[in-house]
Amino acid sequence: MMTTHEWLTTQATPLLHQIQQTAFVTGIGTGELTQAQRDYYVAQDHYYIERFTQMWQAMEQQLPPELVARQPKTLGEAGAHATLEPSAAAAQIKPGQHNLDYLAHMEALIAQGDGLTSMLALLPCTESYHLVAKQLGTRVARFQGWIDYYRGPEYQAMTEWCWQVVDHLTTQRAITQSELAGYLRAYEYELLFWEKPMH
Ligand SMILES: Cc1ncc(CO)c(N)n1
């Protein structure tokens, strides 16, 4: 039988495939990304991660402490950004509307105060990066450090912890239609996040 998180992933598969085919993601694999594209992405993601970290902490408050206690540690994503070799120009780039909209989407769901709702809002972030990096695999590309961070054991353990939380909480109650919609909407924002640096 399929676990809940496996079922969720099947719902997101078309969007995940689109993400994997974006020019930015394939460019990480081939090493072909311009300085301007990498600067734009890193600037957006730097801003994103700062606000995401706050949301993550809010979500932890909503989860059973025994689940939170099992959460593995990760190194943080600054190292992954550094391997994309941003220039000083990145510091001048303002957060884009797609980025602000994505963050507002997650913040609105977290404000509802339910741990499962919140985890489903944040899951596309964690899970999609791991699945993207796993698919890129070992290319010994210029940006291999980025790939290795998100496919590596620590980030994988974090992703698996998220899946365990979803599978555990859904033994208590089913995922609602609006939670599924919130999860898929976050995936759409993930896709947009990859498309924007190429425009
Ligand atoms: C937009 C975005 N989604 C997911 C991750 C993974 O943490 C990230 N760094 N940025």
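All values derive from a computational prediction rather than experimental measurement.

Colleague: Residues and numbers for the site of the ligand, please.
Modeller: In the region of the ligand, the neighbouring residues are D45, Y48, I49, E77, C125, Y129, Y150, Y155, E190 and F193. The contact in question runs from a nitrogen atom of the ligand to an N or O atom on the side chain of D45, over 2.5 Å. Contact distances for the ligand include 2.7 Å between a nitrogen atom and a side-chain N or O atom of E77. With respect to the pocket detection grid, the ligand is positioned in the largest cavity.

Colleague: Summarise the side chain of T22; cite the residues concerned and give the values.
Modeller: One can find T22 in the loop between α1 (4-20) and α2 (23-30). Taking the relative accessible area as the measure of exposure, T22 reaches 8% and is therefore buried. Within the structure, the side chain of T22 is placed 2.8 Å from the backbone oxygen of I19, a separation counted as a polar contact. When sequence neighbours within four positions are dropped, the list of residues in contact with T22 reads L191, W194 and E195.

Colleague: Explain the environment of A58 to me, using residue names and the numbers behind them.
Modeller: For A58, the position within the fold is in helix α3 (residues 35-62). Exposure remark for A58: the relative accessible area of 29% places this residue in the partly exposed category. Sequence separation of A58 and S118 is 60 residues, and the distance between their C-alpha atoms is 8.7 Å.

Colleague: I'd like a description of empty space enclosed by the protein, backed by residues and values.
Modeller: One pass over the structure, following the stated rule, counts one cavity of 30 Å³ or more. Approximately 90 Å³ is the volume attributed to the largest cavity. Taken together, D45, Y48, I49, E77, Y102, C125, Y129, Y155, E190 and F193 make up the lining of the largest cavity. Per-element tally for the lining of the largest cavity: the top contributor is α3, with three residues. For the lining of the largest cavity, the residue count by class is seven nonpolar, no polar and three charged.

Rules behind the numbers
- Residues numbered from 1 in each chain as written.
- Predicted model: local features only at pLDDT ≥ 70, side-chain atom pairs only at ≥ 80, totals over all residues.
- Heavy atoms only, no water.
- Near = heavy atom within 4 Å.
- Polar contact = N/O pair within 3.5 Å; in protein donor to acceptor, adjacent residues only side chain to side chain.
- 1 Å grid on protein atoms, 1.4 Å probe; cavity = no way out; pocket = protein on both sides within 12 Å on 5 of 7 lines; lining within 4 Å.
- Sits in = over half its atoms within 2 Å of the grid points.
- Helix = DSSP H or I, 4+ residues; strand = E, 2+ residues; numbered from the N terminus.
- Buried < 20%, exposed > 50% of the residue type's maximum accessible area, 1.4 Å probe, protein only.
- Contact = heavy atoms within 4.5 Å.
- Points joined across faces, edges and corners; volume = space filled by probe spheres on them.
- Nonpolar A, V, L, I, M, F, W, Y, C, P; charged D, E, K, R; others polar.

These figures capture arrangement, not role.
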